[in-house]
Amino acid sequence: MKITIVGSGYVGLVTGACFAEMGNTVTCVDINSDKIDLLQKGVSPIYEPGLDKMLLKNLENNTLIFTTDLSKALEKAAIVFIAVGTPMQETGEANMRYVYEVAKEIGEHITHNIIVVNKSTVPIGTADKVKEIIQQELDKRAVDISFSMVSNPEFLKEGDAINDFMKPDRVVIGADNEVTFEQMKKLYSPFFRTHDRFITMDIRSAEMTKYAANAMLATKISFMNEIANICERVDADVNKVRLGIGSDKRIGYSFIYPGVGFGGSCFPKDMKALYKIAASHHYNAELLAAVDSVNTSQKQILTKKVCKRFGEDLSGFTFAVWGLSYKPGTNDMREAPSIQVIKDLIAKGAKINAYDPKAIKESKNVYLKDYNHSITYATSKYEALQNADAMLLITEWKEFRSPDFIEIKKLLKIPIIFDGRNQYNAFNLPSEGFEYYQIGKK
């Protein structure tokens with residue numbers, strides 16, 4: 001099948017590469033010519049395990065094409081995916097500008113019947129607006145071309161997106177006719193052996209499903225962080241509480257690890273957007289607001305623990321930070337807890353030695369560029385410890401899971417660890433001579 005994907009960011013690129021891997025001919029379109037030039041050479045602008053290899057293979061097979069020319073990309077496409085960004089505005093609402101611009105261009109250039117699929121995370125009712133924009137352009141051209149709208153939300157985890165796409169838990173399709181459902185099933189059928197993973201519904205329900213899924217997962221995280229904060233005050237151990245409740249099949253262990261809050265491109269943005277959607281329909285989504293509030297406060301927890309130990313004035317102190325990306329397996333730092341922690345520590349006079357396996361460039365050039373005067377970037381986790389007064393673990397990369405504690409103790413001025421992910425609670429570090437501070441336990 002010939003497919004066009006507009007937007008070669010995280011979602012568009014992974015989607016395009018995986019469809020090409022299954023034998024489809026995929027053309028990925030982006031207005032950023034520099035990005036397209038790199039992609040044509042097989043260089044990915046994002047870090048995602050397995051993606052580089054897949055890009056190179058399908059470029060060589062001519063099943064994956066990159067271009068800035070949407071008109072040409074639409075010439076023979078049976079399906080066009082809209083996968084552009086919907087960044088959060090200052091109001092908390094999703095910015096729909098790029099989606100609507102793409103819709104207008106599709107209306108200007110399509111020459112045959114086609115299926116238009118919205119892959120971007122968008123407010124409920126967006127498909128109706130996209131359909132209206134495309135039809136307006138067709139009317140201006142005085143052409144009679146039929147097109148069908150589809151909502152096909154993505155459920156990819158950064159760091160495991162290739163596996164998620166190739167072996168999906170479910171594929172959600174929102175459409176309004178059986179012919180379109182059958183075409184989408186044909187496209188996705190190579191990705192699952194049983195069709196019970198192919199879930200069909202109306203378009204608005206599909207649009208809502210994405211927000212509901214992210215809101216549920218974010219709620220679990222903030223709930224566990226709330227429990228952790230209570231545990232700390234009543235002298236209970238949140239790590240044991242987590243085991244106690246996770247064994248209940250109705251709850252499970254996923255997303256109930258206490259920490260320094262969630263970040264990334266989805267949860268924070270989608271929580272705020274869903275809250276705004278509810279408000280625009282005269283409903284006060286109190287739980288969503290509480291989840292967001294807990295998460296904002298949680299990003300300050302580690303700094304509070306540091307100040308309790310060292311005092312409010314951190315001038316003259318240097319702290320090693322392990323982990324900058326919002327989660328392991330990605331170089332994405334959007335809304336990462338590390339940003340808030342580092343800014344707060346520097347504001348109190350501290351210096352930072354930072355290390356991350358993949359996100360140093362993003363931190364230095366984008367997210368913490370105004371703080372480079374107070375940050376030294378290390379080339380290894382142990383180098384970051386040199387001349388540091390304590391270490392803060394913020395992102396639980398695999399290489400941080402079982403470090404050489406003897407080496408850590410030797411390199412730090414004082415053997416102190418502030419564990420923002422409770423990675424080391426099983427190592428009994430106090431018996432090894434460490435001061436050990438974690439989330440949800442005194």
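Now for a look at the structure at hand.

1. Re the overall build of the protein chain
The helix and strand tally for the protein chain stands at 17 helices and 14 strands. For the protein chain, the C-alpha radius of gyration of 24 Å lies close to 22 Å, the compact-globule estimate for 442 residues. Principal-axis analysis of the C-alpha atoms places the extent of the protein chain at approximately 75 × 45 × 40 Å. Taking all 442 residues of the protein chain together, 52% fall into the buried category. Considering only intrachain contacts with a sequence separation of at least 6, the fraction spanning at least 24 residues in the protein chain is 73%. About 20,200 Å² of surface is accessible on the protein chain, with carbon and sulfur atoms providing 50% of the total. Averaging the coordinates of the 55 positive side-chain charges in the protein chain and doing the same for the 55 negative ones gives two points 4 Å apart.

2. Quick word on the pairing of strand β1 (residues 2–6)
Burial within β1 is extensive, with 4 of its 5 residues counted as buried. Between the parallel pair β1 and strand β2 (residues 25–29), the chain is carried across by helix α1 (residues 10–21), and the sense of this crossover is right-handed.

3. Digging into the packing of helix α9 (residues 203–234) against helix α10 (residues 238–246)
The interhelical angle for the contact between α9 and α10, taken along N-to-C directions, is 135 degrees, at an axis separation of 9 Å. Here α9 is positioned oblique relative to α10, judged by the angle of their axes. The element α9 and its partner α10 pack so that their crossing is right-handed. Here α9 contributes M224, I227, A228 and C231 to the contact with α10, which in turn contributes V238, V241, R242 and I245. In terms of residue class, the contact of α9 with α10 is built from 7 nonpolar, no polar and 1 charged.

4. Thoughts on a nonpolar patch on the surface
Taken together, the side chains of L243, Y253 and Y257 define a hydrophobic patch exposed on the protein surface, amounting to about 320 Å² of accessible area. Mapped onto the fold, Y257 is located in the loop between α10 and α11 (267–280).

Here is what the cut-offs are and how they apply
- Note that residues are indexed from 1 along each chain, following the sequence as it is written.
- Given that the model is predicted, a residue must reach a pLDDT of at least 70 before its local features are reported, and side-chain atom pairs must reach 80 or more before they are shown or counted; all residues, however, enter totals for whole chains, interfaces and linings.
- Neither water nor hydrogens contribute to the side-chain values; these are computed over all heavy atoms in the structure.
- The helix count covers DSSP runs of H or I at least four residues long, the strand count covers runs of E at least two residues long, and both are numbered beginning at the N terminus.
- Note on method: radius of gyration uses C-alpha positions; expected globular size equals 2.2 Å times residues raised to 0.38.
- When a residue's accessible area, from a 1.4 Å probe over protein chains only, is under 20% of the maximum for its type it is buried; when over 50% it is exposed; and in between it is partly exposed.
- Every residue pair with non-hydrogen atoms within 4.5 Å of one another is taken to be in contact.
- In this description, accessible areas are obtained by the Shrake-Rupley approach with a 1.4 Å probe, and a residue is regarded as covered only by the protein chains that are shown.
- As used throughout, the charge tally considers Lys and Arg to be positive and Asp and Glu to be negative, leaving His and the chain termini uncounted.
- Note on charges: their place is set at NZ of Lys, CZ of Arg, CG of Asp or CD of Glu.
- A clockwise course of the path from the first strand over the helix to the second, judged with the strands pointing away from the viewer, identifies a crossover as right-handed.
- Fitted lines through C-alpha atoms give the axes, limited to the stretch in contact for helices. The angle between two N-to-C directions lies from 0 to 180 degrees.
- An angle below 35 degrees is read as roughly parallel, one above 145 as roughly antiparallel, one from 65 to 115 as roughly perpendicular, and any other as oblique.
- By definition, any crossing whose near helix is turned counterclockwise from its far helix by less than a right angle is left-handed, and any crossing with a clockwise turn is right-handed.
- The classification used treats Ala, Val, Leu, Ile, Met, Phe, Trp, Tyr, Cys and Pro as nonpolar, Asp, Glu, Lys and Arg as charged, and all other residues, Gly among them, as polar.
- In this analysis, a patch consists of residues with relative accessible area above 30% that form no salt bridge, clustered at 9 Å for like charges and at 5 Å for the nonpolar side chains Val, Leu, Ile, Met, Phe, Trp and Tyr.
- We define a salt bridge as a side-chain nitrogen of Lys or Arg found within 4 Å of a carboxyl oxygen belonging to Asp or Glu.

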